[in-house]
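Observations on the three-dimensional arrangement
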Amino acid sequence: MKELSKPVYVTQPSLPDLNLFYDKLKVIWGSKWLTNNGDFHSDFEKALAEYLGVKYISVFTNGTISLLTALKSLKITGEVITTPYSFVATTHALKWNGINPVFCDIDPVFGNLDPKKIESLITSKTKALLPVHVYGNPACVNEIQEIADNFGLKVIYDAAHAFGVKIDGQSVLNYGDLSVLSFHATKTFNTVEGGAIICHNGKMKRHLELLKNFGFSNETTVLEVGINGKMNELQAAFGLLQLDLIDDQIRKRKEISDLYQELLINITGIQGIKDVQNSTLNYSYFPIFIKPDYKLSRDELYLKLRDHNIYCRRYFYPLISQFPVYSKIESACNGKLSIASTLAEQVICLPIYEGLDKDIVRFISNCIEEFNN
Ligand code: T4K
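What comes next is a walk through the structure. (Residues numbered from 1 in each chain as written. Predicted model: local features only at pLDDT ≥ 70, side-chain atom pairs only at ≥ 80, totals over all residues. Heavy atoms only, no water.)

**Describing the sheet that holds strand 8 (residues 170–171)**
Pairing is antiparallel in the open sheet, where three strands are placed in the order 8-7-14. With partners counted over all chains shown, the strands left at the sheet margins are strand 8 and strand 14 (279–280), one partner each. Relative to strand 14, strand 7 (residues 166–167) runs antiparallel, the two sharing two bridges. Paired with isoleucine 167 across the bridge in strand 14 is serine 279. (Pairing = 2+ DSSP bridges. Helix = DSSP H or I, 4+ residues; strand = E, 2+ residues; numbered from the N terminus.)

What follows is the structure, encoded as structure tokens:
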């Protein structure tokens, strides 16, 4: 392959069979039940819980509203320690709840919150930790839980990237007090837009149901300041069909990830992330880090790839802590986030999705190799 005839983007959503979706739409058209806890909604929750290996899951309209509701449900106030190396929704969810984010630096290998750096940031105002399983690589869940237990903190995982991820055969979503998924179109598993909260008991699930439906406990009673976070029937029906396909899609993503690893591993100045041991991953992203001994800077490579019709993304650059709305926070200043800053300056996420042609993967890898000559 000498050039790409059309643009290749960082991702492309997987879609279910249109005829099967049409069959589900006919059911919805027949019942005229569009949202507010319909049959597809409850079927989807049951099927998801089974697939993911979790006890209780509540589906939402998107991942951001799920995050907002998760924090609200635990009545978190004061300060929460979180990572700057994520999508901005992670920190926005704190601010929307009136919580002050405190940024903690990350580990240089996976880009997840560094447990060794958490303790020194804990104050009397700290109420919770909000780590992210960034790129779907599990955060240091055991160390994080130990710190939380020692200091009486809640743990809410932003697991937006971690659909289906397991450690030692156990879902990563079972760690912490709550975990939050995103089913956005760009995610490994999508319902167009969508999200979910995983919790560990029926009482919390009922609380989440109340919060996502404006706080109504019955027709005439509002018990709390809720929100409209409900997933509609079209999303849920779509999601049910997606569940039948997800294993095959993840398998194809793994093949692409393995091929990139093989083709890029020996290029000077290109560093990837090796698979976490004892984990089942979902290959949601393929980040590479452009080191100083590569011939081009990260941005030069990013632009040159665009010239060749390859539209990568620099997730997560800039750091959340570098956006003007957060950059004045004390933990964001004075070089305290040096590892996160370095990774943000070096990262490029290469295209990865189930339908990506392996010849395109070879073409992209070839370009990266040739630009270094
Ligand atoms: N926490 C974390 C850690 C997250 O990463 C996210 C979302 C959230 C929380 C919040 O969850 P949600 O509220 O979104 O459920 C995307 C997504 O919009 C966002 O969901 C995601 N993280 C973030 C990492 O990436 P953009 O602005 O990069 O997306 P966009 O529209 O540029 O799409 C990227 C590429 O994907 C496009 O160049 C082409 C392709 N694409 C995209 C869409 C939407 C398609 O081919 N079809 C499509 O429909 O934010």
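So, next bit.
**What to know about the pattern of salt bridges**
Here the structure, examined in full by the defined rule, presents 15 salt bridges. Residue lysine 212 pairs with glutamate 45 through a salt bridge whose shortest N-O separation is 3.4 Å. Of this pair, lysine 212 sits in helix 6 (residues 202–212) while glutamate 45 sits in helix 2 (residues 39–52), placing them 167 residues apart in sequence. The two residues lysine 212 and glutamate 45 agree in class, both being buried. Arginine 362 is the salt-bridge partner of aspartate 359, the closest N and O atoms lying 2.8 Å from each other. Note that aspartate 359 and arginine 362 are positioned in helix 10 (residues 358–370) at a spacing of three residues, about one turn of the helix. Aspartate 359 sits in the partly exposed class, given a relative accessible area of 39%. (Salt bridge = Lys/Arg side-chain N within 4 Å of Asp/Glu carboxyl O. Buried < 20%, exposed > 50% of the residue type's maximum accessible area, 1.4 Å probe, protein only.)

**Comments concerning the nonpolar core**
General note: in soluble globular proteins, nonpolar side chains tend to be found buried as a group. Ranked by internal contacts, the top residues of the largest apolar core, which has 80 residues, are Phe44, Leu48, Leu181, Phe183, Leu350 and Ile368. If one sorts the elements of this core by residue count, helix 7 (residues 233–264) sits on top with twelve residues. In contact with leucine 350, other than residues within four places in its own chain, are Val10, Tyr260, Leu264, Phe286, Ile288, Cys312, Ile364 and Ile368. The next biggest cluster of nonpolar side chains, apart from the first, holds 22 residues, and it includes Val132, Tyr135, Phe289 and Leu319. (Core = buried A, V, L, I, M, F, W, Y, C linked by side-chain atoms within 4.5 Å. Contact = heavy atoms within 4.5 Å.)

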